[in-house]
Amino acid sequence: MQSSTASPAPAVGVSPAWAIDSATKMERELVARYGEPQRERIERGLQQVAEFWRAEDGDAAAFEDFVRANFAGDQATLDTMFNRLEHLLEQLGGHMHEINREFRQQMDLDLGPVLPFDEIIGGYDPSAHVLDDFFHNKLAFVVLLNFPLTTLDERLKDGPSWSRRQWVETRLAEGFSKRIPAEVSLGIAQAEAQSGQYIAEYNIWMHHLVDAQGQRLFPPKMRLLSHWNLRDEIKSDYADSSAGLAKQRTIQQVMERIVTQTIPAVVVNNPAVDWNPSTNQVTPAAVKDSDAAPAPAKLSNAREPDTRYTMLQKTFLAAKQADPYSPTAPTLIARRFDEDREIPEPRVRAMLEQVLTSPLVPQVAKLIEARLKRPLEPFDVWYNGFRPGSQFTEAQLDEMVAKKYPTPQAYQQDIPNLLLKLGFSPERAQYVAGHIQVDPARGSGHAMSAEMRSEKAHLRTRVEKSGMNYKGFNIAVHEMGHNVEQTFSLNDVDHTLVKGVPNTAFTEALAFVFQGHDLELLGLPAPDAKSQAEKTLNDFWGTYEIAGVALVDMAVWHWMYDHPHASPKELNDATVQISRDVWNRYYAPIFQKKDVVLLGVYSHMIDSFLYLPDYPIGHLIAFQIEEQMKKAGAIGPEFERMAKMGDVTPDLWMENATGKPVGAEALLEATQKALAATGGR
Ligand SMILES: [Zn+2]
């Protein structure tokens, strides 16, 4: 398997044939005008402009005139350009975001009925064509001529010694690092929509699963979406002491048939047939629990014809079309790891393997076996018996919360007080609270950032007529964590071009820190050591599970890049083999069973373009930040210190935050302690 950080291939054949000659000519001219010390900048700028220039942008003379007029050959001009662009791009992004927020208001907030036109306007994105426009009017080329595009390799190697200004210039240029033609973007959106649609309709009608005796284990009307609901049903079946185990084994068979595509096509999303997943026999439904038309008497149990892998392959082929237009990250794999995550793939793989091969895995597995009083079975990768105990019932908590927060306004008014309890100074608590506006959410709640300093972050929270309930409060505290991070990382970072955090895992980790203290914010005691240990073990086992899933996702994308002309059947076979290999290596020794294909069942694998590694990395990051908060004591000042670092690479951010790069140690150390606390060893 090749590394994703190989040096980028030039976009051969995309720029006009004269571009090289013109660039050479202009280099001579500009060096003569601005002096030898500017040669490196001139050379790089010309190469970047030439790389993205298309015939439609103008002929050689137009290229040369453009370069003459727009190269900032002295520091004063460069500073002016940098400062103005930073201000203007903040205004553009901020106002576009403001329009989006206003246009979505009716859909997002609890403001009465949504009319069909509200959905049209809510789905409209005024910024969709901005990048195209900036290539057309050549503003993008001004940036490319004057500021450096970098590879992840360069950012990792040189970044730690860069000045802040160098970091900011790098982020400025990154906004223009791709020029993907509209038809390629459209192809990607179509493949995503099509595969998403396939996944969204992939339901299993559970009452129609029958065993050899014709027994039905699941209740009527139960319709489970693969893989989320199937997995969650396995989790809740641990509480069913009579039929739980049989149900879990049945779901495992269903999942395996989905991965291998031996599932009969006719049973997908079809309550008109009964199916025995063990023998694969299909018959017309003997019971009716839907208004679907009855099935014909003669039924075929022909397998699903590799549709799952046809969909996956479509997303791959669509994504691959963008490769030539993304010179600093010329594969989807590189775009995911080098741009979105900014952690090289080999390092991610090493971190995942560190968890998967940790000596803690067999210890936690033994604890699970002891609690289950039976040997592990493969579906126990989804074991959910590590649970924090609670002193209070949900009803008691609901009552407390409803009394405290009868309206969203009551929560709004209490924000400074909540922040004080989290260790912010009175002055900082007032400051942050002044940047957050609470709105009544239509759904369960979410946080919406501001994208310019003159705007507030929005906390959307659900408040029932009877007042806020505990679940709503727990979510509101999480979303408030996002808003506080958003406030610092926009308003208190030194440059708006590096506003934010490295990626979503960081803002989620910071939000979880707030959420983990929700009981204390209600004036109740913090979770005790035993509860915390259970939570840690739950997170560890979840990370162990999803790390293998992520490795399968990664290996499948490499396989597709290595076999771009494979048939869907070949991709099916390869995915099944990869799922088995990863299982055999990291799970078979624990579960004492070989060749299990369950790791291939995640639906994200089909429609989410190599998204799965985000989950285990997110767990690792969350633990690092949590452990640092524990060390620091008061959350407030530490939270602010971390959030002000801005959007640099994850490793640099984490070193500033905790003294160490992103890694698995914090999770493993916490798990070790948790095992000791629960008597697991
Ligand atoms: Zn969140």
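Data block above holds the structure.
Residues numbered from 1 in each chain as written. Predicted model: local features only at pLDDT ≥ 70, side-chain atom pairs only at ≥ 80, totals over all residues. Heavy atoms only, no water.

Chemist: Describe the overall build of the protein, naming the residues involved and giving the relevant values.
Modeler: When helices and strands are tallied, the protein shows 30 helices and 7 strands. The dimensions of the protein, computed from C-alpha atoms along their principal axes, are 90 × 60 × 55 Å. Burial statistics for the protein: of 681 residues in total, 54% are counted as buried. Look at the contacts in the protein between residues 6 or more apart in sequence, and 73% of them connect residues 24 or more apart. Taken as a whole, the protein presents about 29,300 Å² of accessible surface, with 54% of it coming from carbon and sulfur. Charged side chains in the protein number 69 positive and 91 negative. The centres of these two groups are separated by 4 Å. (Helix = DSSP H or I, 4+ residues; strand = E, 2+ residues; numbered from the N terminus. Buried < 20%, exposed > 50% of the residue type's maximum accessible area, 1.4 Å probe, protein only. Contact = heavy atoms within 4.5 Å. Areas by Shrake-Rupley, 256 points an atom, 1.4 Å probe, with all protein chains shown as cover. Lys, Arg positive; Asp, Glu negative; His and termini not counted. Charge placed at Lys NZ, Arg CZ, Asp CG, Glu CD.)

Chemist: Describe the sheet that holds strand 7 (residues 457–461), naming the residues involved and giving the relevant values.
Modeler: One open sheet holds the 3 strands; their spatial order is 5-7-6, and the pairing between them is mixed. At either margin of the open sheet sits one strand with a lone partner, and together these are strand 5 (436–440) and strand 6 (445–448). The average undirected angle you get between the axes of adjacent strands in this sheet is 15 degrees. Bridge count for strand 5 against strand 7 is 5 bridges, and the pairing is parallel. Its bridge partner lying in strand 7, Asp 439 is registered against Arg 460. Helix 18 (residues 408–421) contacts strand 5 and strand 7 of the sheet and is inclined by roughly 165 degrees relative to strand 5. Helix-sheet contacts for helix 20 (residues 470–491) involve strand 5, strand 6 and strand 7, and the interaxial angle to strand 7 is about 175 degrees. (Pairing = 2+ DSSP bridges. Axes fitted to C-alpha atoms, helices over the stretch in contact; angles between N-to-C directions.)

Chemist: Help me get a handle on the packing of helix 27 (residues 614–632) against helix 30 (residues 665–677), residues and values and all.
Modeler: The axes of two packed helices give the description: the angle between them and the distance between them. Relative orientation of the contacting elements helix 27 and helix 30 amounts to 70 degrees, with a least axis distance of 8 Å. The pairing of helix 27 with helix 30 is recorded here as roughly perpendicular in orientation. Only Ala 666, Leu 667, Ala 670 and Lys 673 of helix 30 make contact with helix 27, whose side of the interface consists of Leu 620, Phe 623, Gln 624 and Glu 627. Grouping the constituent residues of the contact of helix 27 with helix 30 by class yields 5 nonpolar, 1 polar and 2 charged. (Parallel < 35°, antiparallel > 145°, perpendicular 65-115°, else oblique. Nonpolar A, V, L, I, M, F, W, Y, C, P; charged D, E, K, R; others polar.)

Chemist: Break down the packing of aromatic side chains for me, with residues and values.
Modeler: A complete count under the given rule lists 32 aromatic pairs for this structure. These aromatic residues form a ring-pair network of at least three members: Trp 18, Phe 52, Trp 53, Phe 63, Phe 66, Phe 135 and Phe 141. Over the ring of Phe 337 we find Arg 341, and its NZ or CZ is 4.7 Å from the ring centre. In this structure, Arg 428 is placed above the aromatic ring of Tyr 431, and the distance from its NZ or CZ to the ring centre is 4.2 Å. (Phe/Tyr/Trp six-rings, centres within 6.5 Å; stacked < 30°, edge-to-face > 60°. Lys NZ or Arg CZ within 6 Å of the ring centre and 35° of its normal.)

Chemist: Describe the pattern of salt bridges, and please don't skip the residues or the numbers.
Modeler: A full pass over the atoms with the stated rule returns 45 salt bridges. Of the charged contacts in the structure, one is a salt bridge between Asp 647 and Arg 171, with a shortest N-O distance of 3.5 Å. Linking Asp 647 in the loop between helix 28 (635–643) and helix 29 (650–658) with Arg 171 in helix 9 (residues 164–174), this pair joins segments that are 476 residues apart in sequence. The same class applies to Asp 647 as to Arg 171, namely buried. (Salt bridge = Lys/Arg side-chain N within 4 Å of Asp/Glu carboxyl O.)

Chemist: Pulling in residues and values, what's your account of the nonpolar core?
Modeler: In summary, soluble globular proteins display a tendency toward joint burial of nonpolar side chains. Counting residues in hydrophobic clusters, the biggest one holds 159 residues, and the most contacted among them are Tyr 411, Trp 557, Ile 625 and Trp 653. Ranked by the residues each element gives to this core, the list is headed by helix 23 (residues 529–562), at 17 residues. (Core = buried A, V, L, I, M, F, W, Y, C linked by side-chain atoms within 4.5 Å.)

Chemist: Which residues make up the packing of helix 1 (residues 19–34) against helix 2 (residues 39–52), and what values go with them?
Modeler: Running from N to C, helix 1 and helix 2 cross one another at 155 degrees; their axes reach a closest spacing of 10 Å. Between helix 1 and helix 2, the angle falls in the class roughly antiparallel. For the pair helix 1 and helix 2, the crossing hand works out as right-handed. In this structure, helix 1 uses Ala 19, Ala 23, Met 26, Glu 27, Leu 30 and Val 31 to contact helix 2, whose residues at the interface are Arg 39, Ile 42, Glu 43, Leu 46 and Ala 50. Grouping the constituent residues of the contact of helix 1 with helix 2 by class yields 8 nonpolar, no polar and 3 charged. (Left-handed = near helix turned anticlockwise from the far one by under 90°.)

Chemist: I'd like a description of the coordination of the zinc ion, backed by residues and values.
Modeler: For a metal bound by four donors in tetrahedral geometry, the ideal donor-metal-donor angle is 109.5 degrees, whereas six donors in octahedral geometry ideally sit at 90 or 180 degrees. The protein atoms that coordinate the zinc ion are His 478 (NE2), His 482 (NE2), Glu 508 (OE) and Glu 508 (OE), at distances spanning 2.1 to 2.6 Å. Around the zinc ion, the 4 donor atoms are arranged such that angles at the metal cover 52 to 144 degrees; this shape is classified as irregular. Read in sequence order, the donor residues coordinating the zinc ion give the pattern H-x3-H-x25-E. Here the residue His 478 and the residue His 482 both occupy positions in helix 20, the gap between them amounting to 4 residues, near one helical turn. Judged on exposure class, the residue His 478 and its partner His 482 are both buried. (Donors = N, O, S within 2.8 Å, 3.2 Å for Na, K, Ca; no water. Tetrahedral: all angles 85-135°; square planar, octahedral: opposite > 155°, others 65-115°.)

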